[in-house]
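Next come the chains, spelled out residue by residue.
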Amino acid sequence: MKVLSIPLLLFSSLVLCFSTEFYKVGGDPLRMRVTPYGLVLVDSLDGYVKLLEDGKTLVDIENLDFPVWADTCCGGIYTSELKRSRVILWKGGKFLKWARVPKPEMLKAEDSRIFVSSGKYVYVFDKDLNLLKKLKFPSSSVYFYVNGDKIVHLEYWGSHPDITIASVFGNYRESIDLGLSRPFRYLKIDGKELILDYRGKLAVLHGGMKKILRVGRFSYGMALSGNSIFVSSLVEKFIRRIDLETLHQSFLKIPSPAGDIAYCCSNLVMCGIFKNEVYVYDGRSLKTIRGCEYPLMVEPDPPYVYVLCSDSGGVLKIDFSR
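This structure is a prediction, so every number in the text was calculated from the model and none was measured.

Notes on a negative patch on the surface
Logical step 1: Among the surface-exposed residues, Asp28, Asp46, Glu293 and Asp311 lie close enough to one another that they form a single negatively charged patch.
Logical step 2: The residue Asp46 is located in the loop between strand E5 (38-43) and strand E6 (48-53) in this model.

Listed below in structure tokens is the structure:
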């Protein structure tokens, strides 16, 4: 594991308010997740899952058959292995157990339970990969969110409904139509529920009110700051800022369309995926970091933000503690 201090070029007319490091891991990692045990990287094509802490590899799981998502819980690493249709548990330096799930995709660990999407289903396991529940939803989808004792299923490949909310062990179930096409991101804050549609809509639900806002086509990233939400688009050279009280939209111009975005420590961090650039906006000025090839994901872990540089085979760490 090589840790390189500030190996990237940063362009700004102002004094830096952050520092950077680059962690080289190799391959072409496609997914990243901040966990209580460290930073988890998943490389589907090269077949590995790594757990990093301060740039050092703590766990290196190799020779997997197209892993797609991973998370940590209870001292173990859980991975959905697509081509072998299974979820595996790695613990104590070895494969401890596996459970069959047809073509597993998104995997999340919440409250000592493991949730895995598979077509129209979400599988729920305990920490030892014993199956607790298998919930069926109206449409096939990768995307779901765990909200307390409920699962919010975003019906990405369905014509209706748009979302279904179901309790894991109770009888509650509700499906909602919002006129969306490809819902794939969800956020709940202060009683408001936000659902972002890839085709350019943002649904805001609050106290029985349903408001549909037009946002950029091919909307992609969503980040929260106080009572505002930032939304990126893969075809627009600006970020939309939406006031959640008034629903008024304002715009932040950027050099290139952004993919994933995150807000941390009064800074908005954006992946300029088409120019191999990372943008940092502190509310006054925009700074550009170059050298992160194919910046695909961004994960906040205050006072740090991690950017997955897929084609660079590593992670850019931005430190806002200064």
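More follows now that the structure is in view.
A closer look at the state of the cysteines
Logical step 1: For the structure on display, the rule yields one disulfide.
Logical step 2: Note that Cys292 is cross-linked by a disulfide to Cys309, the S-S spacing being 2.0 Å. Here the S-S torsion is close to -110 degrees, and the disulfide linking Cys292 with Cys309 is therefore left-handed. On the criterion of sequence distance, the pair formed by Cys292 in the loop between strand E31 (286-290) and strand E32 (295-301) and Cys309 in strand E33 (residues 304-309) is long-range, its members being 17 residues apart. Across the pair, exposure class does not vary: Cys292 and Cys309 are buried alike.
Logical step 3: Cys17 carries a free sulfur, and the closest cysteine sulfur to it, the one in Cys265, is 10 Å from it.
Logical step 4: Residue class for Cys17 comes out partly exposed when judged on its relative accessible area of 24%.
Logical step 5: Cys265 takes part in no disulfide bond, and the closest cysteine sulfur, belonging to Cys264, lies 3.1 Å away.

Structural notes on the side chain of Glu81
Logical step 1: With respect to the helices and strands, Glu81 occurs in strand E9 (residues 76-81).
Logical step 2: Residue class for Glu81 comes out buried when judged on its relative accessible area of 0%.
Logical step 3: Polar side-chain contacts of Glu81 include one of 2.6 Å to the backbone nitrogen of Asp65.
Logical step 4: Those residues in contact with Glu81 that lie beyond four places of it in its chain are Leu64, Asp65, Phe66, Pro67, Arg86, Ile88 and Pro104.

Quick look at the side chain of Asp126
Logical step 1: Considering the arrangement of structural elements, one finds Asp126 in strand E14 (residues 121-126).
Logical step 2: Buried charge without a salt bridge: Asp126, with Lys97 as the nearest opposite-charge side chain at an N-O distance of 6.1 Å.
Logical step 3: Within polar-contact distance, the side chain of Asp126 engages the backbone nitrogen of Asn130 at 2.9 Å.
Logical step 4: Aside from chain neighbours lying at most four places away, what touches Asp126 is Ser112, Ile114 and Leu132.

Calculation rules
- Residues numbered from 1 in each chain as written.
- Predicted model: local features only at pLDDT ≥ 70, side-chain atom pairs only at ≥ 80, totals over all residues.
- Heavy atoms only, no water.
- Patch = residues over 30% accessible without salt bridge, like charges linked within 9 Å, V, L, I, M, F, W, Y side chains within 5 Å.
- Areas by Shrake-Rupley, 256 points an atom, 1.4 Å probe, with all protein chains shown as cover.
- Salt bridge = Lys/Arg side-chain N within 4 Å of Asp/Glu carboxyl O.
- Lys, Arg positive; Asp, Glu negative; His and termini not counted.
- Charge placed at Lys NZ, Arg CZ, Asp CG, Glu CD.
- Helix = DSSP H or I, 4+ residues; strand = E, 2+ residues; numbered from the N terminus.
- Disulfide = S-S within 2.5 Å.
- Buried < 20%, exposed > 50% of the residue type's maximum accessible area, 1.4 Å probe, protein only.
- Polar contact = N/O pair within 3.5 Å; in protein donor to acceptor, adjacent residues only side chain to side chain.
- Contact = heavy atoms within 4.5 Å.

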